[in-house]
Amino acid sequence: MAAPITHITLTEKIFNKFFKNKKRKDFFIGTLFPDIRYLKVIGRDKTHYGGLSIADLKNDESFLAGVKFHSILDNARENFMIGNDIYSLCPKSKYITQSLKIFEDKIFYQHITDWSIYINYFNEILQAERDYGITEKNLEKWHSLLQQYFQNQLDKDAVKNFTIGIGFTKEISDEINNNITIMRANKKIIEILKNLYKNFDSLIT
């Protein structure tokens with residue numbers, strides 16, 4: 001249940017180790033595709049999988065392998081968060097899970113040195129995306145939201161634009177930004193997030 005930048009960053013960290021035979025662009029577009037569900041254009045059950053391992057993706061084409069890896073990453077990340085009791089360190093909020101995801105993105109953003117590579121990936125809509133029956137307009141909206149989100153280091157306006165873009169209200173967006181401000185001052189939360197990045201390879205094998 002990670003947010004887009006965390007998905008890109010953690011996937012980039014392990015891509016050459018596990019997926020060097022896949023097409024990078026198709027794989028990365030695929031690994032972000034499942035969360036287009038936030039636009040209320042497809043059900044979660046159509047894009048998320050349970051009980052998968054890396055080996056299960058070996059024979060899948062690149063886009064589908066990316067779609068499936070999304071769930072592997074989500075599950076590994078959530079197990080790590082629960083195992084480290086991170087939610088007990090976070091401010092009390094109905095939207096703390098969303099807030100933590102965006103805060104992770106802010107922490108992990110620096111691990112990619114050239115975000116223009118990923119921004120350019122989303123200039124193209126793949127036929128494999130269209131095959132899910134989502135309208136071209138909504139596919140374009142999803143790609144555009146991601147491109148805008150990747151363009152800077154997630155200041156409050158960027159967070160607001162993205163969260164409102166995927167359906168949250170301005171009030172919820174403001175609460176998410178306030179939660180992030182609080183979490184930024186907690187060194188233990190930051191340490192856990194850094195350990196997620198450091199140890200991610202071992203969490204998915």
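Everything below is about the structure printed above this text.
Cut-offs applied
- Residues numbered from 1 in each chain as written.
- Predicted model: local features only at pLDDT ≥ 70, side-chain atom pairs only at ≥ 80, totals over all residues.
- Heavy atoms only, no water.
- Helix = DSSP H or I, 4+ residues; strand = E, 2+ residues; numbered from the N terminus.
- Rg over C-alpha atoms; globule rule 2.2 N^0.38 Å.
- Contact = heavy atoms within 4.5 Å.
- Areas by Shrake-Rupley, 256 points an atom, 1.4 Å probe, with all protein chains shown as cover.
- Lys, Arg positive; Asp, Glu negative; His and termini not counted.
- Charge placed at Lys NZ, Arg CZ, Asp CG, Glu CD.
- 1 Å grid on protein atoms, 1.4 Å probe; cavity = no way out; pocket = protein on both sides within 12 Å on 5 of 7 lines; lining within 4 Å.
- Points joined across faces, edges and corners; volume = space filled by probe spheres on them.
- Axes fitted to C-alpha atoms, helices over the stretch in contact; angles between N-to-C directions.
- Parallel < 35°, antiparallel > 145°, perpendicular 65-115°, else oblique.
- Left-handed = near helix turned anticlockwise from the far one by under 90°.
- Nonpolar A, V, L, I, M, F, W, Y, C, P; charged D, E, K, R; others polar.
- Core = buried A, V, L, I, M, F, W, Y, C linked by side-chain atoms within 4.5 Å.
- Buried < 20%, exposed > 50% of the residue type's maximum accessible area, 1.4 Å probe, protein only.
- Salt bridge = Lys/Arg side-chain N within 4 Å of Asp/Glu carboxyl O.
- Phe/Tyr/Trp six-rings, centres within 6.5 Å; stacked < 30°, edge-to-face > 60°.
- Lys NZ or Arg CZ within 6 Å of the ring centre and 35° of its normal.

Participant: Explanation requested: the overall build of the protein chain in the structure shown.
Facilitator: Looking only at helices and strands, the protein chain features 10 helices and zero strands. Along the protein chain, from the amino end to the carboxyl end, the secondary structure elements read α-α-α-α-α-α-α-α-α-α. Taking 2.2 N^0.38 as the reference for a compact globule, 205 residues should give roughly 17 Å; the C-alpha atoms of the protein chain span a radius of gyration of 16 Å, in line with that estimate. Here the C-alpha coordinates of the protein chain stretch approximately 45 × 35 × 35 Å along the principal axes. Expressed as a percentage of contacts within the protein chain between residues at least 6 apart in sequence, the contacts between residues at least 24 apart total 74%. Entry remark: accessible area of the protein chain is about 9800 Å², with carbon and sulfur atoms responsible for 48%. Across the protein chain, the 29 positively charged side chains and the 25 negatively charged ones have centroids separated by 4 Å.

Participant: Honestly, the layout of surface pockets in this entry has me stumped. Any pointers?
Facilitator: To locate leftover empty space, one rolls a probe as large as a water molecule over the atoms. The computed volume of the largest pocket comes to approximately 170 Å³. Lining the largest pocket are 14 residues, with Ala3, Tyr38, Lys101, Phe162 and Ile166 sitting closest to its centre. Listed by contribution, the elements that provide at least two residues to the lining of the largest pocket are helix H4 (96-108) and helix H8 (156-165). With three residues, the top contributor of residues to the lining of the largest pocket is H4.

Participant: Hey, could you run me through the packing of helix H1 (residues 4-18) against H4 in this one?
Facilitator: Between two packed helices, what matters for the description is the angle formed by their axes and the separation of those axes. In the contact formed by H1 and H4, the axes pass within 7 Å of each other and the chain directions differ by 45°. Comparing the axis directions of H1 and H4 gives the class oblique. Along this stretch, H1 crosses H4, giving a crossing that reads as left-handed. Counting all contacts with H1, which are made through Pro4, Ile5, Thr6 and Thr9, the residues of H4 involved are Lys101, Glu104, Asp105 and Phe108. Of the residues assigned to the contact of H1 with H4, the class counts are three nonpolar, two polar and three charged.

Participant: Help me out: how do you make sense of the nonpolar core in this one?
Facilitator: Burial of nonpolar side chains together is a common tendency in soluble globular proteins. Formed by 70 residues in total, the largest nonpolar core has its most connected members in Phe69, Phe150 and Leu193. For this core, the leading source of residues is helix H3 (residues 62-83), giving nine residues. Those residues in contact with Leu193 that sit more than four places away from it in its chain are Met81, Ile86, Leu100, Phe103, Glu104, Ile107 and Phe108.

Participant: I tried to follow the pattern of salt bridges on my own but got confused; where do I start?
Facilitator: Side chains carrying opposite charge are able to pair once their charged atoms draw close together. Evaluation of the coordinates by the stated rule reveals 12 salt bridges. With its nearest N and O atoms 3.7 Å apart, the salt bridge here joins Asp35 to Arg37. A residue is classified by how much of its surface remains accessible, and Asp35, at 8% relative accessible area, is buried. By relative accessible area, Arg37 is classed as partly exposed at 22%. Residue Asp174 is joined to Lys160 by a salt bridge in which the shortest nitrogen-to-oxygen separation is 3.8 Å. Of this pair, Asp174 sits in helix H9 (residues 170-184) while Lys160 sits in helix H8, placing them 14 residues apart in sequence. Residues participating in the shared-partner salt-bridge network are Lys13, Lys17 and Asp201.

Participant: In this structure, what is going on with the packing of aromatic side chains? I would like to understand it.
Facilitator: Each aromatic ring pair is specified by the distance between its two centres and by the angle formed by the two planes. Across all of its chains, the model carries 23 aromatic pairs by this definition. Taking 6.0 Å as the distance between ring centres and 45° as the angle between the ring planes, the aromatic pair formed by Phe108 and Tyr197 counts as tilted. Of the two residues, Phe108 sits in helix H4 while Tyr197 sits in helix H10 (residues 187-203), which places them 89 residues apart along the sequence. For the residue pair Phe108 and Tyr197, the accessibility class agrees, reading buried in each case. Above the plane of the ring of Tyr49 lies Lys68, whose end atom (NZ or CZ) is 5.6 Å from the centre.

Participant: What's the story with the environment of Gly30 in this structure? I'm lost.
Facilitator: Position of Gly30 among the secondary structure elements: in helix H2 (residues 24-32). Once you skip the residues sitting within four places of it in the chain, Gly30 turns out to touch Phe63, Gly66 and Val67.

Participant: Explain the environment of Ile176 here, please?
Facilitator: When you line up the elements, Ile176 lands in helix H9. For the pair formed by Ile176 and Leu100, sequence separation is 76 residues and the distance between their alpha carbons is 8.5 Å.

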